[in-house]
Protein chains: 2
Amino acid sequence: MSIHPILRIDLDAVIYNYKLLVRACPDSVVSAVVKDDAYGCNAQVIAKTLYEQANCRSFFVAYASEGVSIRSFVPNADIYVLQGFDAEESHAYTSGNLTPVIACPEQLKMWNDLKPNDLRPAIQVETGLNRLGFSLPQITELSEKERLKFGLVLSHLACADESDSPFNPSQLLRFNNLKHLFPNARFSLAASDGCALGSAYHFDVVRAGAFLYGIHTFPSLKKEQKNVISVSAPLVLFKKLTQSDYVGYGADFHAKDGTKIAVASIGYGDGLFRSFSPKGCVWFQTDHGWIFAPVAGRVSMDNLIIDVTLIPESVLKTAKEVFLLCDKQTVDDLGAVCQTIGYEIASAFGHGTRYRRVYSLKGCCLSAEDILGS
Amino acid sequence: MSIHPILRIDLDAVIYNYKLLVRACPDSVVSAVVKDDAYGCNAQVIAKTLYEQANCRSFFVAYASEGVSIRSFVPNADIYVLQGFDAEESHAYTSGNLTPVIACPEQLKMWNDLKPNDLRPAIQVETGLNRLGFSLPQITELSEKERLKFGLVLSHLACADESDSPFNPSQLLRFNNLKHLFPNARFSLAASDGCALGSAYHFDVVRAGAFLYGIHTFPSLKKEQKNVISVSAPLVLFKKLTQSDYVGYGADFHAKDGTKIAVASIGYGDGLFRSFSPKGCVWFQTDHGWIFAPVAGRVSMDNLIIDVTLIPESVLKTAKEVFLLCDKQTVDDLGAVCQTIGYEIASAFGHGTRYRRVYSLKGCCLSAEDILGS
């Protein structure tokens, strides 16, 4: 048993979740958002898999460099760059044949000046999030000829995770009001959570990120959606303590006579938030189902200590690893424990550099190299 | 101006901080802890720099793979592997000439069985942290011959950041009580914060990690210690809002008439914790000094929105970037805002994959490739 923690990505589940959204948005192109290394799941692997196994032909990244890194795996797909056009990366738009989502008039001017490729750029428009995007006055200042250049008009919802928020119909109205200004462009408003707001929000293109990776954004599909990310940590050693013992930094955890602990190889250096302690639990997988055990003391950089006193000896005897993420504890569940959201949990684990990474596809366990080829 | 955020590592400051500790621990070897990619600062760059510029000859990593990755840059140094011996990585101990810090009797048996190199292994002993390490009964069960094999005896303090904690003298006592059992080994108890507890805690080897990277662990050296990590984010656009506007996800931030915001290219996908909001601030560097502005609304994956209403127009006109980490806001300060510690802040930013990384050495701005060569 290796000392390294393991990050498992279930690619069959990603494909399954993608197809769920295709069925839920039957009149829209379902594009895949693979920014931030596909929320930590490996952008190249996810892009290639969805391209080849699910016929996905439209991808969104945040930065041009992310687009270039997936281009060879999705040769005939559109790749949109959400942060907009960066003059310093003009060459990437040429070599990667990338489409910028122009975020402001300054970016548009740079794009027109440099003309890195012949694609019709996309434009981001402001409807209420107040992040990236042209304001209504900035849009109406564009000439009609300029507006007709854009192939896609995109905006982003602020409160799509609250289905009854008045912000949703208000942003929808503003977005619809722009349609006549871009008569020959496609429109895109919904990300994963927007898909659940109904077909009025779907327009031509929906941008599926979180949902693909198992984050719950679609209440009526929650039972069908599959978990994608699993994280396990090997158990290095076990100890039996007495009431004179304390555990971890700050001696936060006070043992009792008979307390048993296990030390696992994972820590905040692997993206497990320190806020996992003191309320977090890990899961043991056994022949008779799952059983959980609470964390003991603070998360350290490389280790996590677990109170295994209530885990039966028969389980401990053969236990080699514990699960931080699994079907019993998804990124959303861990987000709730760590006072954040599943998106940040996925991203933080995904950035870890010390994992053994395993991808399952058609029931096989593969490495990234197996999938991407040489 | 590029759209990418920038992570700057001041190598001159790392060298300076290292030398401060050398002076503070005059009778000990000051080793450098470069696990977790040197707390996000780049283990290869840090190891090479300290080896060549500060004559550091002893390094600690968590995993054997981390040791192998630095070996060629520190050819004549000791490299200790803190997680202990992993039979599956036996080859790494051979090729990297690594010294395991054996954490439990099972690991010792594997080491003896496989004998990957001729180095004297280190042993970790339990003195109260209850994490990795041999218990006293496990130590006394070892034969004298077995004990004489170890070249270094190591333990770790639980409460070294609290100088008046009774745990410190208690762990010190237990550690000293082991000296007669390992008469020909060197001893190491203190990490960065332990160095501040006085010479009784220094023993033969101190393990300097956090302090090197600018994390405050040594109260009497706080003023002298230099900041190492800076993070800045480019400003993509500015907007003027009215009281009908809201900002960001959940529409958490309600604008007033005249509110001005700026959108920066950095988010939790770059390791900026979501818990930075709602209390966080960013810093503008101007010809007349530093000025700060508060975050507006939630941190998103790729962007941060800032309330710049109180920033003078003369500053905004030329402002290209804001600082998340700088001399005015260190990793410790940001840790306090995000309800964690500087260690986790450094590690999280350091894992980001979308930064331009700049290293300053002898006043020059260099890339990792410049420093490491080809």
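The following paragraphs examine the structure supplied in this document. Computed from a predicted structure; not experimentally measured. Numbering of residues begins from 1 in every chain and follows the order in which that chain's sequence is written. Both sets of labels track the order of writing: A upward for chains, 1 upward for ligands. Two thresholds apply to this predicted model, a pLDDT of at least 70 for residue-level local features and 80 or more for giving and counting side-chain atom pairs, whereas whole-chain, interface and lining totals are computed over all residues. No hydrogens and no water enter the side-chain calculation; it runs on all heavy atoms of the structure.

1. Here's the deal with the relation of the copies chain A and chain B
Line of reasoning, step 1. Residues reaching a pLDDT of at least 70 in both copies supply the C-alpha atoms on which the copies are superposed by least squares. With an RMSD of 0.0 Å, chain A superimposes on chain B once it is rotated by 180° and translated 0.0 Å along the axis. Both copies are brought into coincidence by an operation consistent with a two-fold rotation axis. Closest approach to the rotation axis within chain A is made by the C-alpha atom of His351(A), at a distance of 2.8 Å.

2. Let's talk about the sheet that holds strand β4 (residues 78–81) of chain B
All names here are of chain B.
Line of reasoning, step 1. The pairing criterion for strands is at least two bridges between them, as found by DSSP. The helix and strand labels rest on DSSP assignments: H or I over at least four residues marks a helix, E over at least two residues marks a strand, and numbering proceeds from the N terminus. Here eight strands make up an open sheet; going across it, the order is β8-β7-β6-β5-β4-β3-β2-β9 and the pairing parallel. Two strands close off the open sheet at either side, each with one partner strand: β8 (186–188) and β9 (205–208). Pairwise comparison of adjacent strand axes, ignoring direction, gives a mean angle of 25° for this sheet. Between N-to-C directions, angles cover 0 to 180 degrees, with each direction set by a line fitted to C-alpha atoms, over the stretch in contact for helices.

3. A look at helix α1 (residues 11–24) of chain A
In an α-helix there are 3.6 residues to a turn, and that puts residues three or four apart on one side.
All names here are of chain A.
Line of reasoning, step 1. Look at α1: 20 Å from first C-alpha to last across 14 residues, which is about the 20 Å you get at 1.5 Å a residue.
Line of reasoning, step 2. All of the buried residues along α1 are Leu11, Ala13, Val14, Ile15, Asn17, Tyr18, Leu20 and Leu21.
Line of reasoning, step 3. If you check the start of α1, you find a side-chain oxygen 3.1 Å away from the backbone N of aspartate 12, and it comes from aspartate 10. The span expected for a helix works out to 1.5 Å for each residue beyond the first. For the exposure calls, accessible area comes from a 1.4 Å probe over protein chains only, and a residue counts as buried if that area is under 20% of its type's maximum, exposed if over 50%, partly exposed in between. Polar contact is defined as a pair of N or O atoms within 3.5 Å, subject to the rule that within protein one atom must be able to donate a hydrogen and the other to accept it, and that residues adjacent in sequence are counted only when both atoms are side-chain atoms.

4. A look at the nonpolar core
Line of reasoning, step 1. Put simply, a nonpolar core is a bunch of buried Ala, Val, Leu, Ile, Met, Phe, Trp, Tyr and Cys residues held in one set by side-chain atoms that sit within 4.5 Å of each other. Membership of the largest hydrophobic core comes to 244 residues, with the highest contact counts inside it found for Phe59(A) and Phe59(B).
Line of reasoning, step 2. If sequence neighbours within four positions are ignored, Phe59(B) has contacts with Ser31(B), Ala32(B), Val34(B), Ala47(B), Leu50(B), Tyr51(B), Ile70(B), Val74(B), Ala77(B), Asp78(B), Ile79(B) and Tyr80(B). The contact criterion used throughout is that any non-hydrogen atoms of two residues lie within 4.5 Å.

5. A look at the interface of chain A and chain B
Line of reasoning, step 1. Contact with chain A, which involves 66 residues of that partner, is made by 66 residues of chain B.
Line of reasoning, step 2. Here the quantity called buried area is the total loss of accessible area, with a 1.4 Å probe, experienced by two parts when brought into contact, counted for both. Here chain A meets chain B over a buried area of about 5,600 Å², counting both sides, of which 51% is carbon and sulfur.
Line of reasoning, step 3. When the buried area of chain A at its contact with chain B is split by residue, Tyr63(A), Asn130(A) and Arg131(A) rank highest and sum to 12% of it.
Line of reasoning, step 4. A pair is scored as a salt bridge if a Lys or Arg side-chain nitrogen falls within 4 Å of a carboxyl oxygen belonging to Asp or Glu. If you look at where chain A meets chain B, you find ten salt bridges.
Line of reasoning, step 5. A salt bridge links Lys239(A) to Glu126(B), with the shortest nitrogen-to-oxygen separation between them at 2.4 Å.
Line of reasoning, step 6. Along the contact surface separating chain A from chain B lie 36 residue pairs in polar contact (both at pLDDT 80 or more).

6. Quick look at empty space enclosed by the protein
Line of reasoning, step 1. With a 1 Å grid spanning the protein atoms alone, the term cavity applies to any set of points in which a 1.4 Å probe fits but cannot get out, the term pocket to an open set with protein on both sides within 12 Å along at least five of seven lines, and the term lining residue to any residue with an atom within 4 Å of a point. Grid points are joined across faces, edges and corners, and a volume is the space filled by probe spheres set on the points. Across all of its chains, the model carries five cavities of 30 Å³ or more by this definition.
Line of reasoning, step 2. For the largest cavity, the lining is made up of 15 residues, of which Phe273(A), Ala348(A), Gly271(B), Phe273(B) and Ala348(B) are closest to its centre.
Line of reasoning, step 3. For the lining of the largest cavity, the secondary structure elements donating two or more residues are α13 (342–350) of chain A together with α13 (342–350) of chain B.
Line of reasoning, step 4. Taken together, the residues of the lining of the largest cavity sort by class into seven nonpolar, six polar and two charged. Note on residue categories: nonpolar means Ala, Val, Leu, Ile, Met, Phe, Trp, Tyr, Cys or Pro, charged means Asp, Glu, Lys or Arg, and polar means any other residue, Gly included.

7. Things to note about the packing of aromatic side chains
When we look at a pair of aromatic rings, we describe it by the centre distance and by the angle of the planes.
All names here are of chain A.
Line of reasoning, step 1. Between the rings of Phe, Tyr and Trp (Trp by its six-membered ring), a pair exists once the centres lie within 6.5 Å; its type follows the angle of the planes, with under 30 degrees stacked, over 60 edge-to-face, and the other angles tilted. The final tally for this structure, using the stated rule, is 31 aromatic pairs over all chains.
Line of reasoning, step 2. Through a chain of ring-to-ring contacts, the aromatic side chains of Phe150, Phe175, Phe182, Phe187 and Phe203 assemble into a single cluster.
Line of reasoning, step 3. Placement of a charge over a ring requires the Lys NZ or Arg CZ to be within 6 Å of the ring centre, with the centre-to-atom vector within 35 degrees of the ring normal. Over the ring of tyrosine 51 we find arginine 57, and its NZ or CZ is 3.7 Å from the ring centre.

8. With respect to the pattern of salt bridges
Line of reasoning, step 1. Counted by the stated rule, this structure contains 26 salt bridges over all chains.
Line of reasoning, step 2. Of the charged contacts, one joins Asp252(A) and Arg298(A) as a salt bridge, the two residues approaching to 2.9 Å between their closest N and O atoms. Linking Asp252(A) in the loop between β11 (246–247) and β12 (253–254) with Arg298(A) in the loop between β15 (289–294) and β16 (304–307), this pair joins segments that are 46 residues apart in sequence.
Line of reasoning, step 3. Lys48(B) is the partner of Glu52(B) in a salt bridge, and the nearest nitrogen-oxygen pair spans 3.7 Å.

9. Some details on the state of the cysteines
Line of reasoning, step 1. In what follows, a disulfide is any cysteine sulfur pair within 2.5 Å. Per the stated rule, a full pass over the model turns up zero disulfides over all chains.
Line of reasoning, step 2. Take Cys56(A): it sits in no disulfide, and the sulfur closest to it among the cysteines is that of Cys195(A), at 12 Å.

10. As for the pairing of strand β17 (residues 321–325) of chain A
Residues and elements named next belong to chain A.
Line of reasoning, step 1. Counting buried residues along β17, five of its five residues qualify, which places the element largely inside the surrounding structure.
Line of reasoning, step 2. Here four bridges tie strand β10 (residues 229–240) to β17, and the two strands are oriented antiparallel to one another. Within β17, the position partnered with valine 231 by the bridge is leucine 325.

11. What to know about the environment of Leu310(A)
All names here are of chain A.
Line of reasoning, step 1. Note on placement: leucine 310 falls in the loop between β16 and α11 (313–318).
Line of reasoning, step 2. Look at leucine 310 and you get exposed, because its relative accessible area is 79%.
Line of reasoning, step 3. Distance in space between the C-alpha atoms of leucine 310 and lysine 260 is 8.4 Å, their sequence separation being 50 residues.

12. A few points about the layout of surface pockets
Line of reasoning, step 1. A volume near 910 Å³ is recorded for the largest pocket.
Line of reasoning, step 2. Lining of the largest pocket is provided by 46 residues; of these, Tyr249(A), Asp161(B), Asp193(B), Thr217(B) and Tyr343(B) occupy positions nearest its centre.
Line of reasoning, step 3. Breaking the lining of the largest pocket down by element, the ones donating at least two residues are α2 (35–39), α10 (192–195), β9, α12 (331–337) and α13 of chain B.
Line of reasoning, step 4. Here the residues of the lining of the largest pocket are counted per class, giving 24 nonpolar, twelve polar and ten charged.

13. Some remarks on the pairing of strand β14 (residues 281–286) of chain B
Line of reasoning, step 1. In the sheet, β14(B) pairs with strand β15 (residues 289–294) of chain B via six bridges, with the strands oriented antiparallel. Directly across from Cys281(B), in β15(B), lies its bridge partner Pro294(B).

14. So, unusual backbone geometry
Residues and elements named next belong to chain A.
Line of reasoning, step 1. Between serine 277 and proline 278 the backbone carries a cis peptide bond, its omega angle lying at 10°.
Line of reasoning, step 2. Phi at tyrosine 39 is positive, roughly 50°, even though this residue is not glycine.
Line of reasoning, step 3. Topologically, tyrosine 39 is positioned in helix α2 (residues 35–39).
Line of reasoning, step 4. A relative accessible area of 5% places tyrosine 39 in the buried class.

15. A few points about the environment of Asp327(A)
Line of reasoning, step 1. Among the structural elements, Asp327(A) can be located in the loop between β17 and α12 (331–337).
Line of reasoning, step 2. Spatially, the C-alpha atoms of Asp327(A) and Ile306(A) are 20 Å apart, while their sequence positions differ by 21 residues.

16. Details of the packing of helix α1 (residues 11–24) of chain B against helix α3 (residues 43–54) of chain B
All names here are of chain B.
Line of reasoning, step 1. Packing of α1 against α3 brings their axes to within 10 Å, and their N-to-C directions diverge by 60°. The orientation of α1 with respect to α3, classified from their angle, is oblique. Viewed along their axes, α1 and α3 form a crossing whose handedness is right-handed. Between α1 and α3, the residues in contact are Leu11, Val14, Ile15, Tyr18 and Lys19 and Val45, Ile46, Thr49, Leu50, Gln53 and Ala54, respectively.
Line of reasoning, step 2. Its residues assigned to classes, the contact of α1 with α3 shows eight nonpolar, two polar and one charged. Just so you know how the angles are binned, under 35 degrees is roughly parallel, over 145 roughly antiparallel, 65 to 115 roughly perpendicular, and the rest oblique. Should the near helix be turned anticlockwise from the far one by less than a right angle, the crossing is left-handed, and should it be turned clockwise, the crossing is right-handed.

17. Things to note about the sheet that holds strand β9 (residues 205–208) of chain A
Residue and element names in this part refer to chain A.
Line of reasoning, step 1. With parallel pairing, the eight strands of this open sheet are ordered in space as β8-β7-β6-β5-β4-β3-β2-β9. Where the open sheet ends on each side, the last strands, each with one partner, are β8 (186–188) and β9. The mean inter-strand angle of the sheet, taken between neighbouring strand axes irrespective of direction, is 25°.
Line of reasoning, step 2. As judged from the three bridges shared by strand β6 (residues 122–124) and strand β7 (residues 152–154), these two strands associate in the parallel manner. Looking across to β7, one finds that alanine 122 is bridged to leucine 152.

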